[in-house]
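The primary structure of each chain is shown beneath.
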Amino acid sequence: MSVCSLYPALRVTMPWSCSESHLGSCRKQLMFCVSRTTARRRASTGVSCSADTRTVVIGLAADSGCGKSTFMRRLTSALGGVAEPPRGCGAYSNTLVGDATTVICLDDYHALDREGRKEKGVTALDPKANNFDLMYEQVRALKSGVAVEKPVYNHVTGRLDPPELIRPPNILFIEGLHPLFDPRIRSLLDLSIYLDISNEVKFAWKIQRDMAERGESLESIKASIKARKSDFDMYIDPQKQYADVIIEVLPTRLIPDKSATEVLRVRLVMREGVKHFTPVYLFDEGSTISWTPCGGKLSCSYPGIRFFYGPDTYFSDEVTSHSKSHSSTSPS
């Protein structure tokens, strides 16, 4: 059974031309569902439309195995249509296209294929293994309404495939390891999101994904995580200081010795003052609430659920914070 932490979405005013029939309902919500074995995310967002036709660009940063692709598939589908590879692309594509959105995986901008990284002794997290100049040029072109021939990185073969044609959408998502690393690319973003998954949860998720989907052994996954740790700390983790929205997923503090895949603690941090994206104030702006329900009203061990909402600071920025902890996955 899943437990869902339901948060109202950011209030959004998107500067592009569209219609409600094109994007669907203009007032929806953002939902995070946490199950015993994985975090399933379903998302949709309210949209208001204006006359400006430029492409809105949203960046999503996270380490490998942290749910970026799952998050994007759900969000793209929620904004209209079935998220699928672009028509006419090759046999392998990392891109997702919906009615109003296109999602680009920044792995496609690897400057070195798998063998090249191995020869030079670098990981994909190292900036030297990525082509930031091309990334910036193509994101800027799409934001300006110009189609591009984007490279394709094949995760199965570890090689670069022939490029695919990407046309400018209403909303462009760029997701990957480095969307917030290069200041030129950060300047193109209208909103930035960082998935901050704790080491314990990340380890469990990565094992589940890489063993099931990529056929890797447990030993090779552990070795890969260890080899990438220093690069993550140096190049990926610092990007969260630039994010407008941070989603933290951590093990519970309410029950000792619980597996990271069973019981999770979720925190949503929203930066104040972002143009077009207003944090949700569950009560009045600046108010604070901390709630622990009566254990006798829950079918799980006390306290069961702990919830907090209120103003906070994050990397010295004013933010609005929501957090929810569970001590069971089956509250009444």
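Residues numbered from 1 in each chain as written. Predicted model: local features only at pLDDT ≥ 70, side-chain atom pairs only at ≥ 80, totals over all residues. Heavy atoms only, no water.

Rules: UniProt positions are given in the numbering used here, feature names are shortened, and annotations may be inferred rather than shown by experiment.
An unreviewed UniProt entry annotates the protein chain as Phosphoribulokinase originating from Musa troglodytarum. As recorded by UniProt, the Catalytic activity (unreviewed entry) comment attached to the protein chain reads in full: "D-ribulose 5-phosphate + ATP = D-ribulose 1,5-bisphosphate + ADP + H(+)". Of the comments in the UniProt record for the protein chain, the one headed Subcellular location (unreviewed entry) reads "Plastid, Chloroplast".

### With respect to the pattern of salt bridges
Heads up, the condition is: Between Lys or Arg on one side and Asp or Glu on the other, a salt bridge is scored when a side-chain nitrogen of the former is within 4 Å of a carboxyl oxygen of the latter. Each residue gets one of three labels from its accessible area relative to the maximum for its type: buried under 20%, exposed over 50%, partly exposed in between, using a 1.4 Å probe on protein chains only.
As enumerated under the stated definition, the model contains 16 salt bridges in all. Between Lys-128 and Asp-126 there is a salt bridge, with its nearest N and O atoms 3.1 Å apart. Lys-128 sits in the exposed class, given a relative accessible area of 59%. Through salt bridges with shared partners, a single network forms among Arg-54, Lys-143 and Asp-190.

### Thoughts on the packing of aromatic side chains
Convention followed: Stacked, edge-to-face and tilted are the three classes for Phe, Tyr and Trp ring pairs, Trp counted by its six-membered ring, which pair at centre distances within 6.5 Å; planes under 30 degrees apart are stacked, over 60 edge-to-face, the rest tilted. Segments assigned H or I by DSSP are reported as helices when at least four residues long, segments assigned E as strands when at least two residues long, and all are numbered from the N terminus. To sit over a ring, a charge needs its Lys NZ or Arg CZ within 6 Å of the ring centre and within 35 degrees of the ring normal.
Counting across every chain of the model gives 4 aromatic pairs. When the centroid spacing of 6.3 Å and the interplanar angle of 75° are considered together, the rings of Phe-181 and Tyr-235 count as edge-to-face. You can see Phe-181 sitting in the loop between strand E10 (171-176) and helix H5 (183-186) and its partner Tyr-235 sitting in helix H7 (residues 218-236), a full 54 residues away along the chain. Phe-181 gets classed as partly exposed once you look at its relative accessible area, which sits at 31%. Aromatic pair Tyr-314 and Phe-315: ring centres 5.1 Å apart, planes at 70°, arrangement edge-to-face. A connected cluster of aromatic rings, assembled from ring pairs, spans Phe-132, Phe-181 and Tyr-235. Over the face of the ring belonging to Tyr-242 we find Arg-186, whose NZ or CZ atom lies 3.7 Å from the ring centre. Residue placement shows Lys-202 over the ring face of Phe-232; its charged tip is 3.6 Å from the ring centre.

### Considerations on the layout of surface pockets
Condition: Any residue with an atom within 4 Å of a point lines the site, the site being either a cavity, points on a 1 Å grid over the protein atoms alone where a 1.4 Å probe fits but cannot get out, or a pocket, an open set with protein on both sides within 12 Å along at least 5 of 7 lines. Grid points are joined across faces, edges and corners, and a volume is the space filled by probe spheres set on the points. Charged means Asp, Glu, Lys or Arg here, nonpolar means Ala, Val, Leu, Ile, Met, Phe, Trp, Tyr, Cys or Pro, and polar covers whatever is left, Gly included.
Its boundaries defined by the atoms lining it, the second largest pocket holds a volume of some 360 Å³. The wall of the second largest pocket is formed by 16 residues, among which Pro-86, Arg-87, Val-97, Gly-98 and Thr-102 lie closest to the centre. Among the elements of the structure, strand E7 (101-105) and strand E9 (159-166) are those that each provide at least two residues to the lining of the second largest pocket. Looking at side-chain class alone, the lining of the second largest pocket contains 8 nonpolar, 4 polar and 4 charged residues.

### Considering helix H4 (residues 132-143)
Heads up, the rule is: Working rule for helices: expected span equals 1.5 Å times residues minus one. In what follows, residue pairs with any heavy atoms lying within 4.5 Å of each other are defined as contacts. We call two N or O atoms a polar contact when they sit within 3.5 Å, provided that within protein one can donate a hydrogen and the other can accept it, with sequence-adjacent residues counted only if both atoms are side-chain atoms.
Here H4 is 12 residues long and its end C-alpha atoms lie 16 Å apart, about the 16 Å a rise of 1.5 Å per residue gives. Among all positions of H4, only Phe-132, Met-135, Tyr-136, Gln-138, Val-139, Ala-141, Leu-142 and Lys-143 are buried. Where H4 is buried, its residues meet strand E5 (56-61), E7, strand E8 (148-154), E9, E10 and H5. For H4, the side-chain oxygen to backbone nitrogen distance between the N-cap and Asp-133 is 3.4 Å, and the N-cap itself is Asn-131. Positive phi shows up at Gly-145, right after H4, with a value of about 95°.

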